[in-house]
Amino acid sequence: MTILCDNFGRKIEYLRLSVTDRCDFRCFYCIPKGYNDFVQPESWLTLDQIVCVVRIFSELGISKVRLTGGEPLVRKDLPEMIERFHALPEIEDLSLSTNASQLAKYAAVLKENGVGRINVSLDSLNPETFKQITQGDLQAVIDGLMEAKRIGLSPIKINMVVMKGLNDHEISDMVNFCLEHDFTLRFIETMPIGEGGVNATDYYVSLDDVRAELESKHDLEPTIMRGAGPATYLRVKGTNLRIGFITPMSQHFCETCNRVRLTVEGTLFLCLGQQTNVELRPLLQQGISDEELKDVLRKAIQLKPKQHDFQEEKGGIARVMSLTGG
Ligand code: SAM
Ligand code: SF4
């Protein structure tokens, strides 16, 4: 088995693929209202180019691929893309991050094509608050979640970005919702990525506070979860509910980072919180051979920074979150 390792001894086995930077929602911390600087179609990688990069990565040791965005389900050829990834023998784990607005329509297709794990953004169970944060329709998301549950996509993880004064009073409601439906719940701290992310720092809540609040109400025990990534998990004793905490700001988890990110225009970002990147599209356009591309990717991995710079770079990361997909 091939293993891809960076300069700090971290095994890189996970690719997050932002299949589009566009989205049918406008979560203010991600794509602020009025933002219009999307990658133009003429700069997108073609489906064949995307599959080529994923195939070469898989031959180098990447076994997990997560489709993200933007909103992956706004991409018309997503079912075909997934089918082609599913056919790659080295890809063991194909997953999706979605806002679930169109999940009711696509859940069955995803399952048929080997997508197991899905993460769904859900910041509020109140339609008005949900609209205020995302500009989207809560009912469509709930319908999508219920369909995913009905057809047996598993596990379903709910991602909630906790924000002071906006949704931090809904922690208990979200715990009860996830208990009722057997979803995993993950809390996320706002990150200063893009203009939206920087604006969202005004609403920043340390998840230490959320954890303390939960501990005062529930009996929690440490637990582990397959594919946990950067989240640390607790279980509510006597239930199946697992609660994850993603704390890029208060406690970074860079020493165990196993991932890289590819944008729809073929830019490979080696760290979510740094600009270090390698542009693959020009090379693909020039018809780079498989062996040459392997070499480029191996060298790119050596550029992976030791850790992110969120705390130091107070101005945040200039690119919009939907370009790299979180
Ligand atoms: N559209 C999909 C979704 O919302 O799940 C996938 C892409 S979205 C960029 C991936 C994750 O990034 C979501 O859970 C979202 O809440 C999170 N996210 C976006 N901007 C963020 C920010 N500034 N700080 C923290 N999390 C953010
Ligand atoms: Fe769209 Fe997801 Fe960003 Fe919200 S977080 S604007 S749903 S890409």
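Quick note: structure is the one above.
What comes next is a walk through the structure. (Residues numbered from 1 in each chain as written. Chains lettered and ligands numbered in written order. Predicted model: local features only at pLDDT ≥ 70, side-chain atom pairs only at ≥ 80, totals over all residues. Heavy atoms only, no water.)

## Focus: the overall build of the chain
- The helix and strand tally for the chain stands at eleven helices and twelve strands.
- Scaling as 2.2 N^0.38, a compact globule of 326 residues should have a C-alpha radius of gyration of about 20 Å, and the chain matches this with 19 Å.
- The C-alpha extent of the chain, read off along each of the three principal axes, is 55 × 45 × 45 Å.
- Taking all 326 residues of the chain together, 56% fall into the buried category.
- Working note: accessible area of the chain is about 13,900 Å², and carbon and sulfur atoms make up 49% of it.
- The positive charge centre, built from 37 side chains, and the negative charge centre, built from 45, are 3 Å apart in the chain. (Helix = DSSP H or I, 4+ residues; strand = E, 2+ residues; numbered from the N terminus. Rg over C-alpha atoms; globule rule 2.2 N^0.38 Å. Buried < 20%, exposed > 50% of the residue type's maximum accessible area, 1.4 Å probe, protein only. Areas by Shrake-Rupley, 256 points an atom, 1.4 Å probe, with all protein chains shown as cover. Lys, Arg positive; Asp, Glu negative; His and termini not counted. Charge placed at Lys NZ, Arg CZ, Asp CG, Glu CD.)

## Considering the packing of aromatic side chains
- Applying the stated criterion across every chain yields a total of six aromatic pairs.
- Between Phe-28 and Tyr-203, the aromatic rings sit 5.5 Å apart at their centres with planes inclined by 70 degrees, giving edge-to-face as the arrangement. In this pair, Phe-28 sits in the loop between β1 (14-18) and α1 (47-60) while Tyr-203 sits in the loop between α7 (194-200) and α8 (207-217), placing the two residues 175 residues apart along the sequence.
- The ring of Phe-245 carries the charged tip of Arg-211 above its face, separated from the ring centre by 5.9 Å.
- Across the ring face of Phe-269, the terminal group of Arg-319 is positioned such that the distance to the ring centre comes to 4.1 Å. (Phe/Tyr/Trp six-rings, centres within 6.5 Å; stacked < 30°, edge-to-face > 60°. Lys NZ or Arg CZ within 6 Å of the ring centre and 35° of its normal.)

## Structural notes on empty space enclosed by the protein
- Applying the stated criterion across every chain, the model contains one cavity of 30 Å³ or more.
- For the largest cavity, the calculated volume is near 30 Å³.
- Around the largest cavity, the lining residues are Phe-25, Cys-27, Asn-99, Ser-121, Leu-122, Asp-123, Phe-130 and Thr-134.
- By residue class, the composition of the lining of the largest cavity is four nonpolar, three polar and one charged. (1 Å grid on protein atoms, 1.4 Å probe; cavity = no way out; pocket = protein on both sides within 12 Å on 5 of 7 lines; lining within 4 Å. Points joined across faces, edges and corners; volume = space filled by probe spheres on them. Nonpolar A, V, L, I, M, F, W, Y, C, P; charged D, E, K, R; others polar.)

## Quick look at the pairing of strand β8 (residues 232-236)
- In this sheet, β8 lies alongside strand β7 (residues 220-223) in antiparallel orientation, the contact comprising four bridges. Paired with Pro-222 across the strands is Leu-234, a residue of β8.
- Relative to strand β9 (residues 242-246), β8 runs antiparallel, the two being bridged by four bridges. Opposite Thr-232, over in β9, you have Phe-245 as the bridge partner.
- Taken together, β8 and the strand that follows it, β9, pair antiparallel across an intervening segment of five residues, in which Gly-238 is found at a positive phi of about 80 degrees. (Pairing = 2+ DSSP bridges.)

## Re helix α10 (residues 290-301)
- Over its twelve residues, α10 extends 17 Å from the first C-alpha to the last, a length consistent with the 16 Å expected when each residue adds 1.5 Å.
- The elements touched by buried residues of α10 are α1, β10 (259-262), β11 (267-269), β12 (277-279) and α9 (281-285). (Expected span 1.5 Å × (residues − 1). Contact = heavy atoms within 4.5 Å.)

## Thoughts on the sheet that holds strand β5 (residues 156-161)
- Spatially, β7-β8-β9-β6-β5-β4-β3-β2-β1-β10-β11-β12 is the arrangement adopted by the twelve strands of the open sheet, whose pairing is mixed. Whereas interior strands pair on both sides, the edge strands pair on one side only; in this sheet they are β7 and β12. Each strand axis lies, on average, 25 degrees off the axis of its neighbour in the sheet, ignoring direction.
- Taken together, the four bridges between strand β4 (residues 115-121) and β5 define a ladder with parallel strand orientation. Looking across to β5, one finds that Ile-118 is bridged to Ile-156. (Axes fitted to C-alpha atoms, helices over the stretch in contact; angles between N-to-C directions.)

## Topic: the site of ligand 1
- In the vicinity of ligand 1 lie 19 residues, with Tyr-29, Gly-70, Glu-71, Ser-121 and Met-191 positioned nearest.
- Residue Ser-121 places a side-chain N or O atom 2.8 Å away from an oxygen atom belonging to ligand 1.
- Between ligand 1 and Met-191, the relevant distance is 2.8 Å, taken from a nitrogen atom to a main-chain nitrogen or oxygen of the residue.
- When ligand 1 is considered free in solution it has 540 Å² of accessible area, and contact with the protein chains removes 95% of it.
- Counted by class, the shell around ligand 1 contains six nonpolar, eleven polar and two charged residues. (Near = heavy atom within 4 Å. Polar contact = N/O pair within 3.5 Å; in protein donor to acceptor, adjacent residues only side chain to side chain.)

## Some thoughts on the environment of Tyr-106
- Among the structural elements, Tyr-106 can be located in helix α3 (residues 103-112).
- Separated by 28 residues in sequence, Tyr-106 and Leu-78 place their C-alpha atoms 9.7 Å apart.
- Setting aside residues no more than four positions away along its own chain, Tyr-106 makes contact with Leu-73 and Pro-79.

## Re the side chain of Glu-147
- Within the secondary structure, Glu-147 sits in helix α5 (residues 138-151).
- For Glu-147, a relative accessible area of 19% corresponds to the buried category.
- Within the structure, the side chain of Glu-147 is placed 3.0 Å from the side chain of Arg-150, a separation counted as a polar contact.
- Other than its neighbours up to four places away in sequence, Glu-147 contacts Ala-104 and Ala-107.

So, to be careful, I would describe these as geometric facts and stop short of saying anything about function.
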